[in-house]
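Structural features, examined
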Amino acid sequence: MISNITETHILLNYLIAIILSIVVALLLKLPFVPEKPIRFSWTKSALFPTPIFSIGILAIFYSMNFQWFYDGLILAVIIAILSGLFMKYLFDYVFPKPNTGEQNE
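A few points on the structure. (Residues numbered from 1 in each chain as written. Predicted model: local features only at pLDDT ≥ 70, side-chain atom pairs only at ≥ 80, totals over all residues. Heavy atoms only, no water.)

Points about the side chain of Ser45
The condition is simple: Put simply, DSSP H or I for four residues or longer makes a helix, DSSP E for two residues or longer makes a strand, and each gets a number counted from the N terminus. Each residue gets one of three labels from its accessible area relative to the maximum for its type: buried under 20%, exposed over 50%, partly exposed in between, using a 1.4 Å probe on protein chains only. We define a polar contact as two N or O atoms separated by no more than 3.5 Å, with the added condition that, inside protein, one atom must be a possible hydrogen donor and the other a possible acceptor, whereas residues neighbouring each other in sequence contribute only through side-chain atom pairs. Between two residues, a contact is recorded if the distance between any of their heavy atoms is within 4.5 Å.
Its location among the elements puts Ser45 in the loop between helix H1 (7-27) and helix H2 (50-63). When its relative accessible area of 0% is taken as the criterion, Ser45 is described as buried. Among the polar contacts listed, one links the side chain of Ser45 to the backbone oxygen of Phe48, at a separation of 3.0 Å. For Ser45, the residues in contact, after removing those within four places along its chain, are Pro31, Phe32, Val33, Pro34 and Thr50.

Brief notes about the environment of Lys88
Within the secondary structure layout, Lys88 lies in helix H3 (residues 73-89). Under the relative-accessibility criterion, Lys88 is labelled partly exposed at 27%. The spacing of Lys88 and Ala25 is 63 residues in sequence and 7.2 Å in space, taken between C-alpha atoms. In this view, Lys88 contacts Leu28, Lys29, Leu30 and Lys44; residues no more than four positions away in its chain are not counted.

Thoughts on H3
Formally: Expected span of a helix, by definition, is 1.5 Å for each gap between consecutive residues, and there is one gap fewer than residues. For this quantity, the arc is that covered by the directions from the helix axis to the C-beta atoms.
End to end, H3 covers 25 Å across 17 residues, agreeing with the expected 24 Å (1.5 Å per residue, within 8%). Buried residues of H3: Leu75, Ala76, Ile79, Ala80, Ser83, Gly84, Phe86 and Met87, and no others. Buried residues along H3 cover an arc of 165 degrees about the axis, so they all sit on one side.

Have a look at this one:
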């Protein structure tokens with residue numbers, strides 16, 4: 001099946017998913033940026049990895065040629081909201097923090 005969604009719609013849906021996922025994460029009281037030093041931080045934040053999950057899941061749906069209503073706009077909104085909720089409540093269960101190497105004796 002050939003999709004009639006244009007590149008402009010796809011780009012707009014990605015931008016909506018990024019912005020809305022950051023807004024939802026901030027509303028759920030996630031920090032905007034990770035704690036310092038950012039390079040060694042394992043804390044989740046609104047800027048990373050929340051929008052990355054959002055556009056990744058949206059890309060998976062688009063690659064399966066699944067656009068719902070309004071050329072995928074509703075799908076982008078739903079995925080952005082769910083990715084913000086996932087980062088707040090389920091991220092630590094799916095991706096546990098790495099072992100720091102310190103052992104309690």
